[in-house]
Amino acid sequence: MKKTIYLDYNATTPVDKSVLEAMLPYFSENFGNASSRTHTYGWLANDAVKNGREQVAELINCTPQEIAFTSGSTEAINLAIKGVWDIYKKKGQHIITVKTEHKAVLDTCKALEAQGAEITYLDVDHNGLIDLKQLEESLKTETILVAVMYANNETGVVQPISKIAEFVHSNKSIFLCDATQAIGKVPIDVQTEGIDLMCISAHKMYGPKGVGALYVRRRGPRVNLLPQITGGGHERGLRSGTLNVAGIVALGKACEIAQHDMAKDEQRINTLRELLEFELLKLDDIVINSKNAKRLFNTTSITFKGLRSEKIIAKLIGIAVAMGSACTAATDEPSHVLKAMNIPEADISSTLRFSLGKLTTEEEIRTTVETLKKALNSLKKDI
Ligand code: PLP
């Protein structure tokens, strides 16, 4: 049987062979609890966690003490937003975020609204970029937190992170950046980019599902968080629970590989994305969303005007693509990201997201283009 062509790397990625190899011993012979301090099993596990922490810190240029391991980005985002709210709400009760954030951010903000938080949801332009002027005007003395994602999971659009950080800090607020889609693809330096809190997730960067981390700034100035999971005081009290040693080893290894391979992956995958877009733009009624903005090199959101995306997908046998983001697919609502970009509802339901990755080949892209052409022709005949 022919293998399905996978073009949904923004939903999740396969685990890299070296990552799997690195983590496997921590399920079997090195199964110890990293908190066991009285025997070699514990010491080995603790050493492995220490190493993983250093590898993550190295990738984003922070100290290992500034990394708290979590079950993924959703948990890290909850810890960051609720943790800041619980500590700083006496100082102010205003939070700023963006309409195109991931639901992990939006739903968490919504939960705080029920507790009295005032949330400003910034608009985006047609490309999905925020307006720095609107950000500046929205900041006030009571603003304790600003949450803006590094790159969008549906369109790949990259926000001007350093500039955002400057505005946020000049107001003495805290800057949370959801880097789930960007980490491992583009170099991120939390020092030079002025990020105070940042979440990452292993399964978006060729690691396993169920492990991630939150970077929490400890110097100049330190960010305080109230833990959301208590019991045992792991992760410097920020996130209790027995550490997922194998997962942490995997996340660390994934970070190490990303650091090493990033530039070469970017060049190769970008060429393939360009090829896909170039070939599809030869057809009628195709729009590439956010084409004029800085985007992640692996992502393209394409509107096939006049055709419904679920009908196209039904014809794309042997090709795995997404309608919007996998994380919001459960709700079946039209993409809130494209809606915020002022894309008409009819076009939103005609949009597919293609996200390429390390294992994508030129042959796969050419097959995708041919399959798409046939699918579009046959659907157009039915109209
Ligand atoms: N933030 C963004 C931008 C994402 O794309 C995702 C997952 O799709 C998440 C957060 C949630 O990450 P996790 O699956 O690690 O909880």
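Being a predicted model, the structure only gives us computed values, none of them experimental. (Residues numbered from 1 in each chain as written. Predicted model: local features only at pLDDT ≥ 70, side-chain atom pairs only at ≥ 80, totals over all residues. Heavy atoms only, no water.)

> Help me understand the side chain of Asn-289, please; the structure alone is not making it clear to me.
Secondary-structure assignment places Asn-289 in strand S9 (residues 286-289). The class for Asn-289 is buried, based on a relative accessible area of 5%. Setting aside residues no more than four positions away along its own chain, Asn-289 makes contact with Arg-295, Ser-301, Ile-302, Thr-303, Leu-338, Met-341, Ile-343 and Thr-351. (Helix = DSSP H or I, 4+ residues; strand = E, 2+ residues; numbered from the N terminus. Buried < 20%, exposed > 50% of the residue type's maximum accessible area, 1.4 Å probe, protein only. Contact = heavy atoms within 4.5 Å.)

> For this particular structure, what's the right way to read a nonpolar patch on the surface?
Residues Val-15, Leu-20, Leu-24 and Phe-27 make up a contiguous nonpolar surface patch of about 360 Å² in total accessible area. Topologically, Phe-27 is positioned in the loop between helix H1 (17-23) and helix H2 (40-60). (Patch = residues over 30% accessible without salt bridge, like charges linked within 9 Å, V, L, I, M, F, W, Y side chains within 5 Å. Areas by Shrake-Rupley, 256 points an atom, 1.4 Å probe, with all protein chains shown as cover. Salt bridge = Lys/Arg side-chain N within 4 Å of Asp/Glu carboxyl O.)

> Would you take a moment to explain unusual backbone geometry for this structure?
For residues that are not glycine, phi is negative in most cases, and the peptide bond is trans in most cases. In this structure, the amide linkage connecting Gly-220 to the following residue, Pro-221, adopts the cis form with an omega of -20°. Examined against the element boundaries, Pro-221 turns out to sit in the loop between strand S8 (212-216) and helix H7 (245-280). Although it is not a glycine, Lys-172 sits at a positive phi angle of roughly 60°. Along the polypeptide, Lys-172 turns up in the loop between helix H6 (161-170) and strand S6 (174-178). With a relative accessible area of 67%, Lys-172 lands in the exposed category. Even without a glycine there, the phi angle at Ser-290 is positive, about 65°. By secondary structure assignment, the location of Ser-290 is in the loop between S9 and strand S10 (299-304). On the basis of relative accessibility, which here comes to 2%, the residue Ser-290 falls in the buried class.

> Would you explain the pattern of salt bridges in this entry?
When their charged atoms lie close together, side chains carrying opposite charge are able to pair. Tallying each qualifying case throughout the model produces 22 salt bridges. The salt bridge involving Asp-8 is made with Arg-353; its shortest N-O contact spans 2.9 Å. Here Asp-8, found in the loop between strand S1 (5-6) and H1, pairs with Arg-353, found in strand S12 (residues 351-355); they are 345 residues apart in sequence, far enough to count as distant. Just as Asp-8 is buried, Arg-353 falls in that class too. A salt bridge links Asp-347 to Lys-305; the shortest N-O distance between them is 2.7 Å. In this pair, Asp-347 sits in helix H10 (residues 345-348) while Lys-305 sits in the loop between S10 and helix H8 (309-315), placing the two residues 42 residues apart along the sequence. Lys-305 sits in the partly exposed class, given a relative accessible area of 35%. Three or more residues are tied together by salt bridges with common partners; here these are Asp-261, Lys-264, Asp-265 and Lys-358.

> Looking at this structure, how should I read H7?
The end-to-end C-alpha distance of H7 is 44 Å, clearly below the 52 Å that 36 residues give at a rise of 1.5 Å each. Largest kink in H7: about 60°, centred on Asp-261. (Expected span 1.5 Å × (residues − 1). Bend = angle between axes of the 7 residues up to and from the residue.)

> Could you clarify how one ought to interpret the packing of helix H3 (residues 73-88) against helix H4 (residues 103-113) in this entry?
A packed helix pair is summarised by two numbers, namely the angle formed by the two axes and the spacing between the axes. One can describe the packing of H3 onto H4 by two numbers: an axis separation of 9 Å at closest approach and a directional angle of 30°. Here H3 is positioned roughly parallel relative to H4, judged by the angle of their axes. Our pair here, H3 against H4, has a crossing hand that is right-handed. Taking contact as the criterion, the partners of Thr-74, Ile-77, Asn-78, Ile-81, Lys-82 and Trp-85 in H3 are, on H4, Ala-104, Val-105, Thr-108, Cys-109 and Leu-112. Here the contact of H3 with H4 is composed, by residue class, of seven nonpolar, three polar and one charged. (Axes fitted to C-alpha atoms, helices over the stretch in contact; angles between N-to-C directions. Parallel < 35°, antiparallel > 145°, perpendicular 65-115°, else oblique. Left-handed = near helix turned anticlockwise from the far one by under 90°. Nonpolar A, V, L, I, M, F, W, Y, C, P; charged D, E, K, R; others polar.)

> Can you help me understand the sheet that holds strand S2 (residues 67-70) in this one?
By way of backbone hydrogen bonds, the strands of a sheet pair with one another, either parallel or antiparallel. Taken together, seven strands build an open sheet; the order of strands is S2-S8-S7-S6-S5-S3-S4 and the sheet is mixed. The strands lining the two open edges of the sheet, one partner per strand, are S2 and strand S4 (118-122). Mean inter-strand twist for the sheet, computed between neighbouring axes without regard to direction, equals 20°. Pairing of strand S3 (residues 94-98) with S4 involves five bridges; the strand directions are parallel. Across the sheet, residue Ile-96 finds its bridge partner in S4, namely Thr-120. (Pairing = 2+ DSSP bridges.)

> What am I meant to see in the packing of H7 against helix H11 (residues 362-382) here?
Here H7 crosses H11 at 20°, and the two axes come no closer than 10 Å. In terms of orientation, H7 and H11 fall into the roughly parallel class. Judged by the sense of rotation from one axis to the other, the crossing of H7 with H11 is right-handed. Packed against H7, whose contacting residues are Leu-272, Leu-275, Leu-276, Glu-279 and Leu-280, the element H11 presents Glu-362, Ile-365, Arg-366, Thr-368, Val-369 and Leu-372 at the interface.

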